[in-house]
Structures are given as structure tokens and as C-alpha cells.
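Examination of the molecular architecture
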Amino acid sequence: MSFGGFNDQQNTMPMAEINVTPMVDVMLVLLVIFIMAAPLFTHAIKLDLPSAQSAPSDEKPQTVTIAVDPAGKLFWNDAPVSRADLTARLTLEAAKKPQPDVMIRADKNTRYEVVTDLLAAAQTQGLSKIGFVTAPHSK
């Protein structure tokens, strides 16, 4: 293996050999560190933990659907409802434990203002689980 020098006039080609010695040195140091640290990773503390048994909760919150047609008419679970009655129903639903999921379903031609009013009314009454129903995109 030949090493190039600064005063070497006869060899004008760049050196094509890779010096792997520094890489091997670093790998050996890392190997020694991991060998020394490996027993520390397997050390465990013996604990006698308490056990508890409970039945899984089958209580699932109900879902309330609020629909808006293009004319701005409101529907509570597919039944027509007025704006005043909607506020009263939202207040009753917010008092339930657990709170129901509120799904807002609006026609694509519905004004954005109507949807934001619905969202604000639900949040004002204290409902926190609010979602939007959409149709899958068809090709």
C-alpha cells in the first residue's frame, strides 16, 4: 500500500485507496462500550405489584346527528327541529355523562355560516365531541 505525499512529483494521480483505520478504531471503541454497558440493560428490580380486577366498561356514548339541508332547515336525528329547540336539546345532551358524540352533517350547498353557527352552539352548550360527516370521494 502506497501513501501519497506533498512532494511526490512522479505520482500525479489521486489516491484511490480508502483508509479504513479510523473507522475500525471507532467501531472497536463502540464495541467495548456496548460490551461494558450490556449488563446494565438487563438489570431489573424485583417488585411485588398489587393486583386489581375490574369489569370492562361497556358504556358507549350515543351519537347525535344534526343535519342541515341546503335551505338551512335543521334535523335532529333525521327529525325536523327549530333553532330554539336545538339549543335546548344541546343543553340536555351536554348534561349527560358520558357526553354523546355530535355529528354535523351538512349538504355541500349549505352556507358555511350555518355550519359554523351549529358548531358554535354545540360548543357554547358544553359539548366537546363534535365531528363532521362526509361522503367518500367518488372517482
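Description of the structure in this document. Bear in mind that the values here come from a model prediction, so they are computed numbers and not experimental data.

Membership of the largest hydrophobic core comes to 16 residues, with the highest contact counts inside it found for Ile-66, Leu-74, Trp-76, Leu-86, Leu-90, Leu-118 and Leu-127. Put simply, the parts of the chain that give this core at least two residues each are strand 1 (63-68), strand 2 (74-76), helix 2 (83-95), strand 4 (101-106) and helix 3 (112-124). Ignoring any residue separated from it by four or fewer positions in sequence, one finds Leu-127 in contact with Leu-90, Glu-93, Ala-94, Gln-99, Pro-100, Val-102 and Ala-122.

The next thing to look at is the pairing of strand 1. Burial analysis of strand 1 places five of its six residues in the buried class, which makes it a mostly covered element. Pairing analysis gives six bridges linking strand 1 to strand 4, with the strands arranged parallel. Within strand 4, the residue paired with Thr-65 across the bridge is Met-103. Here three bridges tie strand 1 to strand 2, and the two strands are oriented antiparallel to one another. Paired with Val-68 across the strands is Leu-74, a residue of strand 2.

So, on to helix 3. Compared with the 18 Å implied by 1.5 Å per residue over 13 residues, the 18 Å span of helix 3 between its first and last C-alpha is a close match. Within the span of helix 3, buried status applies to Val-114, Val-115, Leu-118 and Ala-122. Buried residues of helix 3, seen end-on, are gathered within an arc of 100° and therefore sit on one face of the element. Residues Tyr-112, Gln-123 and Thr-124 are exposed on helix 3 and point more than 90 degrees away from its buried face.

For the bond from Lys-97 to Pro-98, the omega torsion is -10°, close enough to zero to count as cis. Its place among the elements puts Pro-98 in the loop between helix 2 and strand 4. At Asn-77, a residue that is not glycine, the phi angle is positive and equals roughly 50°. Mapped onto the elements of the fold, Asn-77 is located in the loop between strand 2 and strand 3 (79-81). With a phi angle near 70°, Asp-78 is a residue other than glycine that sits in the positive phi range. Structurally, Asp-78 can be placed in the loop between strand 2 and strand 3. Exposure remark for Asp-78: the relative accessible area of 57% places this residue in the exposed category.

Thresholds, definitions, all that
Residue positions are counted from 1 within each chain, in the order its sequence is given. Local features are withheld for residues below a pLDDT of 70 in this predicted model, meaning they are given only at 70 or higher, and side-chain atom pairs are given and counted only at 80 or more; totals for whole chains, interfaces and linings count all residues. As a rule here, side-chain values cover all heavy atoms of the structure and leave hydrogens and water aside. For the purposes of this section, nonpolar cores are sets of buried Ala, Val, Leu, Ile, Met, Phe, Trp, Tyr and Cys residues that join through side-chain atoms within 4.5 Å. Whether a residue is buried, partly exposed or exposed follows from its accessible area with a 1.4 Å probe, protein chains only, as a fraction of its type maximum: under 20%, in between, or over 50%, in that order. Numbering of helices and strands runs from the N terminus; a helix is a DSSP stretch of H or I covering at least four residues, while a strand is a stretch of E covering at least two. Contacts are assigned to residue pairs that have any heavy atoms within 4.5 Å of one another. DSSP-based pairing: two strands are paired if at least 2 bridges between them are found. Expected helix span is given by 1.5 Å per residue-to-residue step, counting one fewer step than there are residues. The directions from the helix axis to the C-beta atoms are what the arc is built from.

Note that every value here comes from positions in space, so none of it alone points to a role or purpose.
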